[in-house]
Amino acid sequence: MFEVTIEAGFSSGHYLRNYQGKCEKPHGHNYRVLVTLAGAELDQAGLLLDFKILKTLLKPVVDYLDHQMINDLPPFTEINPSAENLARYFYDQTSRQLQALTSGRVSVKDCTVFETDTSFARYYK
């Protein structure tokens, strides 16, 4: 199997519902997200997927959240914008686009969302 990973960043605010502690109040993070793709076959250029293409796929997902109060954006009006749920959101959004682009040759292996330099959550299936 081959893997490629890209990193993106965004700044947003959020708060956690049904939580007791500091994080129940609105606050912000400078998030970092890592998206790792996997696949057994390379394309004709010898690439799993061009990094530029992956960055292009990820950009609208990042832009949707950047400089926003995440709680005000679907689906986070219904689910808590925890690092765990953000990681699943990036996984699902990227997977949907990737399936259409590569017909299943390449899949999302996992997505990792850093809330701080030392705290992160990862989602994979």
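Just so we're clear, the structure is a prediction, and the values are computed from it rather than from any experiment.

The rules behind these values
- Residue positions are given per chain, counted from 1 along the sequence in the order it is written.
- Two thresholds apply to this predicted model, a pLDDT of at least 70 for residue-level local features and 80 or more for giving and counting side-chain atom pairs, whereas whole-chain, interface and lining totals are computed over all residues.
- With hydrogens and water stripped out, all remaining heavy atoms of the structure feed into the side-chain values.
- Helical segments are the DSSP runs of H or I of at least four residues, strand segments are the runs of E of at least two, and each set is numbered from the N terminus.
- We take the radius of gyration over the C-alpha atoms and set the globule estimate at 2.2 Å times the residue count to the 0.38 power.
- Only protein chains enter the accessibility calculation, which uses a 1.4 Å probe. A residue is then buried if its area is under 20% of the maximum for its type, exposed if over 50%, and partly exposed in between.
- Residue contacts are defined here by distance: any two heavy atoms, one from each residue, within 4.5 Å place the two residues in contact.
- Under this rule, positive means Lys or Arg and negative means Asp or Glu; His and the chain ends count for nothing.
- Note on charges: their place is set at NZ of Lys, CZ of Arg, CG of Asp or CD of Glu.
- Grouping buried Ala, Val, Leu, Ile, Met, Phe, Trp, Tyr and Cys residues that are joined through side-chain atoms within 4.5 Å yields what is termed a nonpolar core.
- Here a salt bridge means any side-chain nitrogen of Lys or Arg lying within 4 Å of a carboxyl oxygen belonging to Asp or Glu.

(A) Highlighting the overall build of the protein chain. Check the secondary structure of the protein chain and you find 2 helices and 4 strands. Beginning at the N terminus, the succession of helices and strands in the protein chain can be written as β-β-α-α-β-β. In terms of C-alpha radius of gyration, the protein chain reaches 15 Å, essentially the compact-globule figure of 14 Å for 125 residues. Looking at the 125 residues of the protein chain, the share that counts as buried comes to 39%. Taking as baseline every contact in the protein chain between residues at least 6 positions apart, the subset at least 24 positions apart corresponds to 66%. When the 13 basic and 15 acidic side-chain charges of the protein chain are each reduced to a single mean position, those positions are 1 Å apart.

(B) Summary view of the environment of Ala121. The topology assignment puts Ala121 in strand S4 (residues 119–123). Relative accessible area serves as the criterion here: at 7%, Ala121 is assigned to the buried category. As a C-alpha pair, Ala121 and Pro60 span 61 residues in sequence and 21 Å in three-dimensional space. Among all residues touching Ala121, those that are not within four sequence positions of it are Ala83, Glu84, Ala87, Cys111, Thr112 and Val113.

(C) Examining the nonpolar core more closely. Core analysis: the largest hydrophobic core is formed by 28 residues, its most contacted members being Val35, Leu37, Leu58, Leu65 and Phe90. Where this core is concerned, the elements lending two or more residues are strand S1 (2–14), strand S2 (27–39), helix H1 (51–65), helix H2 (83–102) and strand S3 (107–116). Contacts of Leu37, omitting those with residues within four sequence positions, involve Phe2, Glu3, Val4, Leu48, Leu49, Leu54, Leu98, Val106, Ser107, Val108 and Lys109.

(D) Molecular detail of the pattern of salt bridges. Taken as a whole and assessed by the stated rule, the structure comprises 3 salt bridges. Measuring nitrogen to oxygen at the nearest pair gives 2.8 Å for the salt bridge that ties Glu7 to Arg32. One end of the pair, Glu7, is in strand S1; the other, Arg32, is in strand S2, and 25 residues separate them in sequence. Overall, Arg32 belongs to the partly exposed group, its relative accessible area being 28%. For Asp63, the salt bridge goes to Lys59, with nearest N and O atoms at 2.6 Å. Separated by 4 residues within a single helix, Asp63 and Lys59 lie in helix H1, roughly one turn from each other.

Remember that the coordinates give geometry; whether it matters functionally is a separate question.
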